[in-house]
Amino acid sequence: MEVVLSIAGSDPSAGAGIQQDLKTITAHGCYGATVITSVTAQNTLGVQAAMPVPPEVVGQQLRAVLSDLEPKAIKIGMLPDAEVAQVVADELRTYLAQHPVPVVYDPVMVSTSGYPLMASEAIQVVVSKLFPLCTLITPNLPETNRLLQLIEKPVSSSFVQVAGETLARHFGCAFLLKGGHADKPQMIDLLFEPDGSLSTFATERIATSNLHGTGCTLSSAIASNLALGHPLPEAVGKAKQFITEAIRKSAAIRIGHGNGPLQM
Ligand code: PLP
């Protein structure tokens, strides 16, 4: 059985973060391992608190899992601060030198409810130390704009194509720009690969507020598909189908009093 490692934050309401990643990886027939970077207190109404796990404990978790379970793909989500981002980059660099497996990073910055999930100083470490290790980065539109500001190449968000090409060329890895935040009848995600190729994934927009943890679900579904041996565009296409089906199934289900989780 293929092992997929999720390095992310804990969500006790289990709709996002580590808990949702584990459900997604299991639904793909893979074995999920988890390294927790932050313990949050949150539910479907929002995030109330977040406590970063000490970086040395994150490092110990990583060494324990990587040395024994040898994952075939790695998903990274919430990295709360620069120290945790640094230890994740250091441990992954060592592992990837021996086991060059795909790494999918969902650059989580702020929750949908507006709670900051990454300290602003962490972004420099993430971009300089972690991006070079990544196969695919999956920002939403606000995260895309933040990354473009960092490389001082501001591009209007109406020029998503220019934005994606710019990021993929600058950082030398693939970018999946997610259209969920755009106000359009279709959800269009664009996959830019560093060789210049572009794949488009269009799905209907489903009217629902049950969208908690969609970014976590998509990135761990892509990582699972990569662990199963699918090439990148196919892994993204299958993950999009998976999440669209999960959103459809969850639209009529009530769990909690706010932005509900996805069912698989
Ligand atoms: N909490 C954790 C631990 C996460 O990793 C994420 C990730 O995207 C979120 C919350 C944000 O979820 P949402 O944007 O659905 O609020």
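Scroll up to find the structure this text is about.
Because the structure is a prediction, the values reported are computed rather than measured.

Our focus in this paragraph is the overall build of the protein. For the protein, the count of helices and strands is eight helices and nine strands. Rg of the C-alpha trace for the protein: 17 Å, near the compact-globule value of 18 Å for 264 residues, within the 12% margin. Across the 264 residues that make up the protein, the buried fraction comes to 50%. If you take every contact in the protein between residues at least 6 apart in sequence, the share linking residues at least 24 apart comes to 69%.

Bringing the sheet that holds strand β4 (residues 73-76) into the picture now. The nine strands are arranged β3-β2-β1-β4-β5-β6-β7-β8-β9 in an open sheet whose pairing can be described as mixed. The open sheet has two free edges, formed respectively by β3 (46-52) and β9 (198-204), since each of these has just one partner strand. With two bridges joining them, strand β6 (residues 136-137) and strand β7 (residues 174-177) adopt parallel strand pairing. Considered in β7, the bridge of Ile137 is made with Phe175. Where helix α1 (residues 17-27) meets the sheet, its contacts fall on β1 (3-10), β2 (31-43) and β4, and the angle it forms with β1 comes to roughly 160°. Against the sheet, helix α8 (residues 232-250) makes contact with β6, β7, β8 (186-192) and β9, and its axis sits at roughly 10° relative to β9, the strand it touches most.

Next up on the list: helix α5 (residues 141-150). One turn of the α-helix equals 3.6 residues, which is why residues spaced by three or four share an orientation. Residues of α5 that are buried include every one of Glu143, Thr144, Leu147 and Leu148, and no others. The buried residues of α5 occupy an angular sector of 140° when the element is viewed end-on, so they sit on one face. In α5, the exposed positions angled more than 90 degrees off the buried face are occupied by Pro142 and Gln149. Contact partners of the buried residues in α5: α6 (160-171) and β7. Phi turns positive one or two residues past the end of α5, at Glu152, with a value near 55°.

The ligand sits among 17 residues. The nearest are Gly9, Gly17, Met78, Ser111 and Thr112. For the shell around the ligand, the secondary structure elements donating two or more residues are β1, β2 and α7 (214-227). A class-by-class count of the residues in the shell around the ligand yields five nonpolar, 11 polar and one charged.

We now examine helix α4 (residues 122-130). Within the span of α4, buried status applies to Ala122, Ile123, Val125, Val126 and Leu130. Buried residues along α4 cover an arc of 160° about the axis, so they all sit on one side. Exposed residues pointing more than 90 degrees away from the buried face of α4 are listed as Gln124 and Ser128. Close packing links the buried residues of α4 with α3 (82-98), β5 (103-105) and α5.

Conventions we followed
Along every chain, residues carry numbers that run from 1 in the direction the sequence is written. Whole-chain, interface and lining totals are the exception, using all residues; otherwise, since this is a predicted model, local features are given only for residues with pLDDT of at least 70 and side-chain atom pairs are given and counted only at 80 or more. Comment: elements are numbered from the N terminus, with helices defined as DSSP H or I runs of at least four residues and strands as E runs of at least two. What the globule rule says is 2.2 Å times the number of residues to the power 0.38, and the radius of gyration is computed from C-alpha atoms. Counting other C-beta atoms within 10 Å of each residue's C-beta, where C-beta atoms are placed from the backbone, gives the exposure class: buried for 20 or more, exposed for 12 or fewer, partly exposed between. We call two residues in contact whenever the C-beta atoms placed from their backbones are within 7 Å. Note on pairing: two strands pair once DSSP finds at least 2 bridges between them. Here, axes are lines fitted to C-alpha atoms. For helices the fit covers the stretch in contact, and angles between N-to-C directions go from 0 to 180 degrees. Read the arc as the range of directions from the helix axis to the C-beta atoms. Any residue whose C-beta atom, as set from the backbone, lies within 6 Å of a molecule or strand is reported as near that molecule or strand. For this classification, Asp, Glu, Lys and Arg are treated as charged, while Ala, Val, Leu, Ile, Met, Phe, Trp, Tyr, Cys and Pro are nonpolar and the rest, including Gly, are polar.

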